[in-house]
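Examination of the molecular architecture
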Amino acid sequence: MNAAKRVKAVKPANDDPWVLRLYVAGQTPKSLTAFSNLKKICEEYLEDRYRIEVIDLLENPQLGRGDQILAIPTLVRNLPVPIKKIIGDLSNTEKVLVGLDIRQRVRS
Amino acid sequence: MKRAFKNLVKNRYTNGRQAQKYGASGSRSLEKSPTGIRGLDEITFGGLPKGRPTLICGTAGCGKTLMGVEFLVHGAMEYGEPGVLIAFEETEEELTKNVASLGYDLKDLVARKKLLIDYIHIERSEIEEAGEYDLEGLFIRLGSAIDAIGAKRVVLDTIEAIFSGFPNVNILRAELRRLFRWLKDKGVTAVITGERGEGTLTRHGLEEYVSDCVILLDHRVEEQISTRRLRVVKYRGSTHGTNEYPFLIDKDGISVLPVTSLGLDHKVSSERIPSGVPRLDGMLGGGYYRGSSILISGTAGTGKSSLAAHFAAAVCRTGERCLYLASEESPQQIMRNMRSIGIDLGPWVKKGILKFDAERPTLYGLEMHLLRMHKLVTGFNPHAVILDPITNYISLGDDREVKAMLIRLIDFLKTKGITGLLTTLTHGDAVAEGTTVGVSSLIDTWLLLRDVENNGERNRGLYVIKSRGMAHSNQVREFLLTAKGAELLDLYVGSEGVLTGSARAAQEAKENAAAALRRQEIERKQRELGQKRKALEAQIAALRAAHDVESQELEMGLAEERLREERLAADRVEMARIRRADVGNGGKAGKNNRKGARA
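Because the structure is a prediction, the values reported are computed rather than measured.

Quick word on the overall build of chain A
Regarding its fold elements, chain A presents five helices and four strands. Counting helices and strands in the order they occur from the N terminus, chain A gives α-β-α-β-α-β-β-α-α. A buried classification covers 33% of the 108 residues belonging to chain A. Of the contacts formed within chain A by residues at least 6 apart in sequence, a portion of 68% connects residues at least 24 apart.

Have a look at this one:
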C-alpha cells in the first residue's frame, strides 16, 4: 500500500520538472543559508529537473498569502503534487530529503 | 484645576462615551480604546488599553471570537478606528455568516476598507521542519494588512493555532514575545484570544506575554442553566471592576452587566400615580409614589396578577409606557384572563405603550434574567415595570442570590425613576406576612392579598402592610374581582370576627333582622311606657277624687261639731237661767250660793 502510493506520487516527477518556491524576507543570514542549502540539494538529487523561485515577502507581501507563509524561510514544493512545505534554513539535509519525498525515490 | 479639566477633555476624545460617564478617574494615566460593548467599557472604565495587547481567554464557545469581532466592528463603525482580524480558525465567509445574525455586515465594512479579515490556515501535516526559522512571514502579513487600511485595532483569533502548526516551542515563544512587542511598537490596540488551559489561563501560557490586560470569559452550567461570566483578571495601570460579571450573547451581540453597587442616592419623587383601583388609591392616600417599588404578595389565586394588570392599564391610560415581565403566563393568556375582569390590555399593546415579555425563568440563570431585564428596560424605556411573579426565580438560585438579584433590579429601576411592581407568591403554610425571598425590606409599598376562609368559602382580603412615606389605611378591605374589575369593600368586623363573602352578606342580613327586631322592641317598650303613664295618671285622678270626697266629709263633720259646741254653750246659759243663778256672778255665785246655803 505504502509502496504503491510512493510510486504513484513520484512517478510523474521523473518526467516533469520540480517547481520549488523559497519564501524569504530580505537577505537575512537564514535566507541565504536556506538558498545555498536548497541549491546544493537540488543539484545533487534533482540535477536539472528543477526550478527554484525565490520570493521576497518584503517586496511582495501579498504573495505569501496563497501559500499561507508564516515562517521564514519556507520552502514550498508546488510540483509534483501534493504540496509540501519545509520550514527552516534547510540545514538538516536528511529532513529536507524526507520532506520533499526525494529520499524514498533515491532508495527505490 | 485647569489641568484636571484638560485631562477630562482629552479623555473625552480618546475614550469615547464611556469615559465621559466615569470622568477621568480610571483613565488618567492610561489611554483607552472603547470596545463599544455594553457594560464592558464601564467595568474597565473606558475600554481596553490603547496601543497595547489584551488577552481574552476562556473555554470553547464562551464568546471570545465574538468579543473580538465586536471590538473591531464597534471600533470601525463608532470610533473611526479600522481594524484587522487575523482568523486562524474560521474563514472570512464563516465569520461573516456567524456575525450576520447579530446585525453586523462585515462584507460592507470590508468593502469600505474599515475592516480587513485575513484567514490564516495552518496545516500541520504539510509542514516539515528543517533548521532554523522565524515567523517573519506572519509579521509581514500582519504588517501589510495593518498598513492596507491604516488599522488601529487588531484581533488575533486565536494565535494559539500556531502552536499546533510549529513544533518548535522555543522558537514560537521567542517569536510571540517579539510579536507582542512589535504590535505595541506599531501602536495598535490588539486583542488576542486564547483557549483556557488546565490550571492556567491559556493552554499555551499566552498570559506570560500579554500582561497589560487579561479578560477571562467563563461559561458555566449550574443545574442545567448556563451563565456566561466575565472577569477582568488584570489591567495594568488602571482600576477596573474585579467581580465576575454576567454577560449575555443575544441578537444584539454581547452585553455585560456591571454589578455596581449603585448606592442609595437616587432621586425621589413625591408624585403619585394611580394604582388602577380607586379605593386602593384612597387607602394609600392618593396612589403609589412614582419610582417606588411595590410588592404584592399573596397566596395562589388571590388576585395578584389582576392587581398588577390594573396597574398596567392605569399606567397606559395616562399615556406612559409599561413593561410587563411575565414568568408564568403567556401574554395572550394574561390578556384573555384580564378581559374577564373588564381590563382590556390589547389596545395598549397595539399602541406600543404596553410591552409583554414572557419567558420561563428556568430558561436562563438569574444573572441572565437580570441582564435581559436591563436590556429590555434600556430598550423600551418604560415608566413602570411589572414583574409577575418573582417567586419563579427562586428555583434558579438560593435565597441569597435571588435577593441579590432583586436588590440589583430594584436599585436599577429606582435609579431610573421607574416604578416597579413585583408580585410574589406566598404559600399557604408559610408565614403570610413573610416574603419567600425576604425582599420586603427593599419594598416601599407592600400590599398583602390573603384568603379569608370561613363558611366553606374563600374570600380575598387586602391589607396595606406598609407604605413608606404616606399615610395609609390600616384597615383590611375585602377584595372583589368583578366583571368590571377589582373592587374593594369594607370588611364586616363585628363580634364574630372578620367576615367576608356570603358570610358577610348573611351576617349583614342577620344584623338587619336583629335591628328590625330591636326597633320593634323599642316601639313596644315605648308603647308600654305610654300605657303605664296613662294608668298612673288615672290612678292619680282616682286618688285625688277620693281625697276630695274625704276632705269634704271631714269638713262637714267639723262644722257639725262646731254647731254642737255652740248649742251646748247655749244650753248651759239656759240652764243657769233656769236655776236662777246670780246673773252677775254667773257660775261663781252659784258656788258661793252653795256654800252660803250650807252655812
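Looking at the overall build of chain B
When its secondary structure is counted, chain B shows 16 helices and 25 strands. Out of the 599 residues belonging to chain B, those deemed buried represent 41%. For chain B, restricting intrachain contacts to residue pairs at least 6 apart in sequence, the fraction spanning at least 24 positions comes to 68%.

Describing the nonpolar core
Most often, soluble globular proteins keep nonpolar side chains buried together rather than apart. If you look at the biggest cluster of nonpolar residues, it comprises 156 residues, and the most contacted ones within it are B:Ala312, B:Cys322 and B:Ile386. Looking at which domains feed residues into this core, each of domain 1 (2-256) and domain 2 (272-490) of chain B gives three or more.

Quick look at the interface of chain B and chain A
Many structure descriptions define interface size as the accessible area lost when the parts assemble. Each side of the interface is counted separately: chain B has 21 residues, and chain A has 29 residues. Where the side of chain B that touches chain A is concerned, the elements lending two or more residues are strand E6 (127-129) and helix H6 (136-149) of chain B. It is H6(B) that provides the largest number of residues to the side of chain B that touches chain A, a total of six residues. Considering only residue class, the side of chain B that touches chain A consists of ten nonpolar, four polar and seven charged. Relative to E6(B), strand E4 (residues 84-87) of chain A runs parallel, the two being bridged by three bridges.

Structural notes on the pairing of strand E10 (residues 225-235) of chain B
Residue and element names in this part refer to chain B. Pairing geometry for strand E9 (residues 213-222) and E10, over ten bridges, is antiparallel. Looking at the pairing, Cys213 lines up with Tyr235 of E10. Relative to strand E11 (residues 244-250), E10 runs antiparallel, the two sharing four bridges. Counted as the bridge partner of Arg231 is Glu244 from E11.

A look at the sheet that holds strand E3 (residues 74-79) of chain A
Read across the open sheet, the five strands follow the order E2(A)-E1(A)-E3(A)-E4(A)-E6(B); overall the sheet is mixed. Here the strands that pair on one side only, and so sit at the sheet edges, are strand E2 (50-56) of chain A together with E6 of chain B. Averaged over all pairs of adjacent strands, the angle between strand axes in this sheet comes to 25°, irrespective of strand direction. Pairing analysis gives five bridges linking strand E1 (residues 18-24) of chain A to E3(A), with the strands arranged antiparallel. In the strand pairing of E3(A), A:Leu20 is matched with A:Arg77. Across the face of the sheet, helix H2 (residues 29-45) of chain A comes into contact with E1, E2 and E3 of chain A while running at roughly 165° to E1(A).

With respect to the environment of B:Val315
Residue and element names in this part refer to chain B. Along the chain, Val315 turns up in helix H10 (residues 304-317). Residues Val315 and Thr419, spaced 104 residues apart in sequence, show a C-alpha to C-alpha distance of 10.0 Å. Sequence-distant contacts of Val315, that is, excluding residues within four places in its chain, are made with Glu320, Cys322, His383 and Ala384.

A closer look at helix H8 (residues 169-186) of chain B
All names here are of chain B. The first and last C-alpha atoms of H8 sit 25 Å apart over 18 residues, in line with the 26 Å expected at 1.5 Å per residue. By the burial criterion, the buried members of H8 are Leu172, Glu175, Leu176, Leu179, Phe180 and Leu183. The arc that holds the buried residues of H8, viewed along the axis, is 140°, so those residues lie on one side. In this structure, H8 carries Asn170, Arg177, Arg181 and Asp185 as exposed residues pointing more than 90 degrees from its buried face.

Some remarks on H2(A)
Residue and element names in this part refer to chain A. Along its 17 residues, H2 runs 24 Å from first to last C-alpha, staying within 8% of the 24 Å computed at 1.5 Å per residue. Three or more residues of H2 are buried, namely Lys30, Ser31, Ala34, Asn37, Leu38 and Cys42. With its buried residues spanning 130° around the axis, H2 presents them on a single face. Turned more than 90 degrees away from the buried face of H2 sit Pro29, Glu43 and Glu44, all of them exposed. Buried residues along H2 sit in contact with E1, E2 and E3.

Analysis parameters
Residues numbered from 1 in each chain as written. Chains lettered and ligands numbered in written order. Predicted model: local features only at pLDDT ≥ 70, side-chain atom pairs only at ≥ 80, totals over all residues. Helix = DSSP H or I, 4+ residues; strand = E, 2+ residues; numbered from the N terminus. Buried ≥ 20, exposed ≤ 12 C-beta atoms within 10 Å, placed from the backbone. Contact = placed C-beta atoms within 7 Å. Core = buried A, V, L, I, M, F, W, Y, C linked by C-beta atoms within 7 Å. Domains from an automatic or database assignment. Nonpolar A, V, L, I, M, F, W, Y, C, P; charged D, E, K, R; others polar. Pairing = 2+ DSSP bridges. Axes fitted to C-alpha atoms, helices over the stretch in contact; angles between N-to-C directions. Expected span 1.5 Å × (residues − 1). Arc of directions from axis to C-beta.

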